Amino acid sequence: MIDELVQCGLAGRKLPFRLIDAHAHWGRWQNYDTLSAQDCLAEMDRLGVEVMACSSLLALAGEVRRGNDELAELLRQHPGRFVGYVHVSAAYPEQMAGELERCLAMPGFVGIKIYQQGINYDDVAFESVFELAAARQLPVLAHNWGARLTGLEKMAEKFPSVPVLLAHSGSDMAYKAYAKLARQMPNLYLDLTLSRGYAGGVEYFVEQIGAERVVWGSDEPLFSMANQMGKVLFARISSSQKRMILRDNAARLFKLPA
Amino acid sequence: MKIIDAFCGLGPYWGGDRMQPLEAAQVLEVMDYCGIDSAVVYSNLVHTPASVGDANQLAAEAAGQCSRFLPMFLLTTHALDHMPTPADYARQMRQAGARAAMLRPTSVPYGLCTWVLGELLEMCAQARLPLYLSVLGPRVEEVDSLCRQFPRLRLVLTHVDYNADSWLYPLLRRHREVRVCLAPYYIPPLGVERFVRHFGPQRLIFGSGLPQYAPGGLLALVTYADLGDSDKAMILGGNMESLMREVAL
């Protein structure tokens, strides 16, 4: 018998619960077709996505303050549909603490986004970020690629109360490395956002660490939201595990209603 | 709605991961779970330097054992006496019921050189055979050149990346017989809808890239697309069915 959620997927129907996208972006990037807020909301409504957690692409590219401000405007205009990660860059270590304080005073920011950009995560520059995250109980979304986590594991170990989302878990087929680390550190969450949908990947993570610490994200506007959702929807795990990944875990992290 | 996975590998190969559903029975389990009716299958030996003949025999055997598998042959050049000629390939494919093929030039130094592959490509064009080509190896300019020399060739591009539209759209505008298979990661946001707006639904084909890649993401990409049911049905299976029906080997 076909799983109830798989039936929804095959029919292109909304799921019986609303999704929370834990990893998306706001802004323009390369030659991608950037969606307007209205288009983005229309897509979210069509797919049954309640909330999208975004970080700024302009901030990632280096215009940190301007990018965070663009995102703040989106959060102000659409409370309850978008939440934000403050993006800070270790390339400007002297600005990190101030930018975090400034943005976290604005409504809608619920986490911090970091990207190593040549500076490893165990660099002292990132320490203040984790200290603040620990003090305010905020999740940190950290970009990764492949099996080399560039010092993130050291920082996660030093700040065990900070939930750390390992973005692009399983990238480069390095599933075992991510699962092994997450087994050792209960504050690590495996973020499934990835252009490649490797067979058995979602099932392997759930088998290794349980569904409670696996989170779904779309990476919009880089990848299709429906595509990223389908990787979980059609994974061979139970419906309750799918719900945890697609909604409950992110709701808990962002302190949103279950 | 009939769903055909138009790009599916079968069998063990070096580099294969045990996490992947390599065996035919495992692939069938995945297909059942995801509601996929049938799959166009090639041998995973394509990922190795193994003989094309061995790979084709395995694809034919798999299809002979399960009617849900439709065999896809690997084709390569006829440069030396011991290599199959295009006519040999046509005969072998007829016998095996194969109505799709994959060009295997990317692991050899001649690339898409048409003075090496010309006879083979001519046979494919005349037979209206859907000929799969991975864009991982050749340069876009080579693909364009090949299409210019064989305008009736029904190329099905695979491994088109999610950020490829800048070169893909101009290529598709230049060559009307070129199709795109979604497998394994043609996933730009709202990309299916945009593709259909520009080129219609006929030139987009659902395929998974099993066993390395799971079908779920690409299935949802189509089932949740903001398109009518008939467009979705064409992408999910109708287009591939039509292509195979029109083959005249």
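Note that the structure is a prediction, hence the values are computed from the model and not measured.

Conventions adopted
- Residues numbered from 1 in each chain as written.
- Chains lettered and ligands numbered in written order.
- Predicted model: local features only at pLDDT ≥ 70, side-chain atom pairs only at ≥ 80, totals over all residues.
- Helix = DSSP H or I, 4+ residues; strand = E, 2+ residues; numbered from the N terminus.
- Rg over C-alpha atoms; globule rule 2.2 N^0.38 Å.
- Buried ≥ 20, exposed ≤ 12 C-beta atoms within 10 Å, placed from the backbone.
- Contact = placed C-beta atoms within 7 Å.
- Expected span 1.5 Å × (residues − 1).
- Arc of directions from axis to C-beta.
- Pairing = 2+ DSSP bridges.
- Right-handed = clockwise from strand over helix to strand, strands pointing away.
- Axes fitted to C-alpha atoms, helices over the stretch in contact; angles between N-to-C directions.
- Parallel < 35°, antiparallel > 145°, perpendicular 65-115°, else oblique.
- Left-handed = near helix turned anticlockwise from the far one by under 90°.

Draft legend 1. Quick look at the overall build of chain B. A count of helices and strands for chain B gives nine helices and eight strands. In terms of overall size, chain B behaves like a compact globule, its C-alpha atoms giving a radius of gyration of 17 Å where 249 residues would be expected to give roughly 18 Å. Overall, the C-alpha framework of chain B stretches about 50 × 40 × 30 Å when taken along its three principal axes. Within chain B, buried positions represent 54% of all 249 residues. Within chain B, residue pairs in contact and separated by at least 24 positions form 75% of the contacts whose partners lie at least 6 positions apart.

Draft legend 2. Looking closely at helix H6 (residues 124-136) of chain A. Residues and elements named next belong to chain A. For H6, spanning 13 residues, the distance from its first C-alpha to its last is 19 Å, which sits close to the expected 18 Å at 1.5 Å a residue. For H6, the full list of buried residues reads Phe126, Val129, Phe130, Leu132 and Ala133. Down the axis of H6, the sector holding all buried residues measures 160°, keeping them to one side. Pointing more than 90 degrees away from the buried face of H6 are the exposed residues Val124 and Ala135. Contact partners of the buried residues in H6: helix H5 (93-104), strand E4 (109-114), strand E5 (140-142) and helix H7 (152-158). Following H6 by one or two positions, Gln137 has its phi on the positive side, about 55°.

Draft legend 3. Helix H1 (residues 4-11) of chain A, seen in detail. Among all positions of H1(A), only Leu5(A), Val6(A), Gly9(A) and Leu10(A) are buried. Taken down its axis, H1(A) places every buried residue within 140° of arc, on the same side. Residues of H1(A) that are exposed and angled more than 90 degrees away from the buried face: Glu4(A) and Gln7(A). Buried positions along H1(A) lie against helix H10 (225-233) and helix H11 (239-254) of chain A together with helix H1 (24-34) and helix H8 (216-223) of chain B. Once H1(A) finishes, Gly12(A) follows within two positions and takes phi at roughly 70°, a positive value.

Draft legend 4. A look at the pairing of strand E6 (residues 154-158) of chain B. All names here are of chain B. Of all five residues that make up E6, five are buried, and the element is covered over most of its length. As paired strands, strand E5 (residues 130-134) and E6 are joined by five bridges and run parallel to one another. Bridge pairing links Ser134 to Thr158 in E6. The β-α-β motif built from E5, the intervening helix H5 (residues 140-149) and the parallel element E6 has right-handed crossover chirality. The pairing of E6 with strand E7 (residues 179-181) spans two bridges and is parallel. What sits directly across from Val156, in E7, is Arg179. Regarding topology, helix H6 (residues 165-174) serves as the crossover connection from E6 to the parallel E7, and that connection is right-handed.

Draft legend 5. Just the sheet that holds E5(B), in detail. Residue and element names in this part refer to chain B. The parallel open sheet is built from eight strands, whose spatial order is E1-E2-E3-E4-E5-E6-E7-E8. The sheet is open, and its two borders are formed by strand E1 (4-10) and strand E8 (204-205), each paired with just one other strand. Here two bridges tie strand E4 (residues 100-103) to E5, and the two strands are oriented parallel to one another. In the strand pairing of E5, Ala101 is matched with Leu131.

Draft legend 6. Region of the structure containing the environment of Ala91(A). Residues and elements named next belong to chain A. Within the secondary structure, Ala91 is located in the loop between strand E3 (82-87) and H5. Between the C-alpha atoms of Ala91 and Leu246, which are 155 residues apart in sequence, the distance is 33 Å. Residues in contact with Ala91, not counting those within four places in the same chain, are Gln117 and Ile119.

Draft legend 7. Region of the structure containing the sheet that holds strand E7 (residues 188-191) of chain A. Residue and element names in this part refer to chain A. Spatially, E1-E2-E3-E4-E5-E6-E7-E8 is the arrangement adopted by the eight strands of the open sheet, whose pairing is parallel. Strands at the two margins of the open sheet, each flanked by one partner only, are strand E1 (19-26) and strand E8 (214-215). Sheet topology note: the strand E2 (residues 49-56)/E3 ladder contains three bridges and is parallel. What sits directly across from Ala53, in E3, is Val83.

Draft legend 8. Main features of the interface of chain A and chain B. At the junction of the two partners, chain A supplies 38 residues and chain B supplies 34 residues. Counting residues per element, the ones that place at least two in the side of chain A that touches chain B are H1, helix H2 (37-47) and H10 of chain A. Among the elements that take part in the side of chain A that touches chain B, H10(A) stands out by supplying eight residues, more than any other.

Draft legend 9. Layout of the pairing of E2(A). Residues and elements named next belong to chain A. Of all eight residues in E2, seven are buried, a share of seventy percent or more. When E1 meets E2, the two strands line up parallel, connected through six bridges. When the sheet's bridge partners are listed, His25 is paired in E2 with Ser55. Assessed by its sense of winding, the connection that carries the chain from E1 through H2 to E2 is right-handed.

Draft legend 10. Quick peek at the environment of Gly146(A). All names here are of chain A. By secondary structure assignment, the location of Gly146 is in the loop between E5 and H7. Judged by local crowding, Gly146 falls into the partly exposed class, with 14 C-beta atoms found within 10 Å. Distance from Gly146 to Ala177, taken between C-alpha atoms, is 8.7 Å for residues 31 residues apart in sequence.

Draft legend 11. Quick peek at the packing of H5(B) against H6(B). All names here are of chain B. One can describe the packing of H5 onto H6 by two numbers: an axis separation of 11 Å at closest approach and a directional angle of 10°. The pairing of H5 with H6 is recorded here as roughly parallel in orientation. Mapping the contact onto sequence places Val140, Val143 and Asp144 in H5 and Trp167, Leu171 and Arg174 in H6.

Draft legend 12. Here's a closer look at the packing of H5(A) against H6(A). Residue and element names in this part refer to chain A. Put simply, H5 and H6 touch, their axes get as near as 8 Å, and they point 15° apart. The orientation of H5 with respect to H6, classified from their angle, is roughly parallel. Like other packed secondary-structure pairs, H5 and H6 cross with a definite hand, here right-handed. Residues Pro93, Met96, Ala97 and Leu100 of H5 touch H6, and the partners they reach there are Ala125, Ser128, Val129 and Leu132.

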